[in-house]
Amino acid sequence: MASLNVGNLGEYLREQRRTAQLSLRQLADAAGVSNPYLSQIERGLRKPSAEVLQQVAKALRISAETLYVRAGILDAERDGEERRREESTRAVILADPALTEAQKLALLQIYESFRKENGFGSDDRGHGGAEARAGESDAGPQQTAG
């Protein structure tokens, strides 16, 4: 069985279990999970759910948040929320019928520059640049009188 890159979590759990002077079986019983399943988590072969991590954290008397971060769950949730906020902001700008396409493009460029300045750049998220996004309104590109 291949490792799921949760070895850091497994090593940390094993260390915490040993510090608490609990056997694998004792921790499994206290957390309400099976002994083999807990063993697979410790060896990095299984990625447990947030619920299982919460049970294990309670049994070890440690912070569940610490386990969520080590398992990559907490960051994934935060990234998802951040992505939804960003997409929502872009959608509102693009849907505004009072703005021309050029104005939408300018607003998106300003928005992206502020996000990058504040450490939330979107270069690697697959959104495309503001230029690619500005022409995506339902009405299509608007013509300006020349």
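Since the structure is predicted, the reported quantities are computational estimates derived from the model, not experimental observations. (Residues numbered from 1 in each chain as written. Predicted model: local features only at pLDDT ≥ 70, side-chain atom pairs only at ≥ 80, totals over all residues. Heavy atoms only, no water.)

## Focus on the overall build of the protein
Here's step 1: Counting its secondary structure elements, the protein contains eight helices and zero strands.
Here's step 2: Listing every helix and strand of the protein by position from the N terminus yields α-α-α-α-α-α-α-α.
Here's step 3: The burial tally for the protein puts 35% of its 146 residues in the buried class.
Here's step 4: Here the analysis covers contacts within the protein between residues at least 6 apart in sequence; of these, 58% occur between residues at least 24 apart.
Here's step 5: Carbon and sulfur atoms form 48% of the exposed surface of the protein, whose accessible area is close to 9,200 Å². (Helix = DSSP H or I, 4+ residues; strand = E, 2+ residues; numbered from the N terminus. Buried < 20%, exposed > 50% of the residue type's maximum accessible area, 1.4 Å probe, protein only. Contact = heavy atoms within 4.5 Å. Areas by Shrake-Rupley, 256 points an atom, 1.4 Å probe, with all protein chains shown as cover.)

## Some words on the packing of aromatic side chains
Here's step 1: The tally for this structure, following the rule as stated, stands at zero aromatic pairs.
Here's step 2: Sitting over the ring of Tyr12, Arg70 keeps its end group 3.9 Å from the ring centre. (Phe/Tyr/Trp six-rings, centres within 6.5 Å; stacked < 30°, edge-to-face > 60°. Lys NZ or Arg CZ within 6 Å of the ring centre and 35° of its normal.)

## Some words on the packing of helix H4 (residues 50-60) against helix H5 (residues 64-71)
Here's step 1: The geometry of H4 relative to H5 is characterised by a closest axis approach of 8 Å and an angle of 135° between their N-to-C directions. Put simply, H4 runs oblique to H5. Pair H4 / H5 crosses with right-handed handedness. Residues Ala50, Leu53, Gln54, Val56 and Ala57 of H4 lie in contact with H5, whose contacting residues are Ala64, Leu67, Tyr68 and Ala71.
Here's step 2: Its residues placed into classes, the contact of H4 with H5 shows eight nonpolar, one polar and no charged. (Axes fitted to C-alpha atoms, helices over the stretch in contact; angles between N-to-C directions. Parallel < 35°, antiparallel > 145°, perpendicular 65-115°, else oblique. Left-handed = near helix turned anticlockwise from the far one by under 90°. Nonpolar A, V, L, I, M, F, W, Y, C, P; charged D, E, K, R; others polar.)

## With respect to the nonpolar core
Here's step 1: The biggest cluster of nonpolar side chains holds 21 residues, and the ones touching the most others in it are Leu9, Leu13, Leu38, Leu53, Val56 and Leu67.
Here's step 2: Elements supplying a minimum of two residues to this core: helix H1 (7-19), helix H2 (24-31), helix H3 (35-42), H4, H5 and helix H6 (73-95).
Here's step 3: The biggest single contributor to this core is H4, with five residues. (Core = buried A, V, L, I, M, F, W, Y, C linked by side-chain atoms within 4.5 Å.)

## Let's talk about the confidence of the model for the protein
Interpretation of the predicted coordinates at a detailed level should be avoided for regions scoring low in pLDDT.
Here's step 1: Of all residues in the protein, 75% have pLDDT values of 70 or greater, and the mean over the chain is 79.
Here's step 2: Taken element by element, the protein is modelled with least confidence in helix H8 (residues 130-134), mean pLDDT 43, and with most confidence in H2, mean pLDDT 96.
Here's step 3: In the model, residues 1-5 has pLDDT below 50 throughout and makes eight contacts with residues more than four positions away in sequence or in other chains.
Here's step 4: Between residues 123-146, whose pLDDT stays under 50, and residues either more than four places distant or in other chains, the model counts 38 contacts. (pLDDT = per-residue confidence, 0-100.)

## Comments concerning H2
Here's step 1: The complete set of buried residues in H2 reads Leu24, Leu27, Ala28 and Ala31. Viewed end-on, H2 has its buried residues packed into an arc of 100°, placing them on one side of the element. Exposed positions of H2 whose direction lies more than 90 degrees from the buried face are Arg25, Asp29 and Ala30.
Here's step 2: Positive backbone phi, approximately 75°, marks Gly32, located one or two places after H2. (Arc of directions from axis to C-beta.)

## Here's the deal with the packing of H2 against H4
Here's step 1: Across the interface, H2 lies against H4 with an axial gap of 8 Å and an inter-helix angle of 115°. Relative to H4, the element H2 lies roughly perpendicular. At the point where H2 passes H4, the crossing takes the right-handed sense. Touching Leu27, Ala30 and Ala31 of H2 are Gln55, Val56, Ala59 and Leu60, all from H4.
Here's step 2: The residue makeup of the contact of H2 with H4, split by class, is six nonpolar, one polar and no charged.

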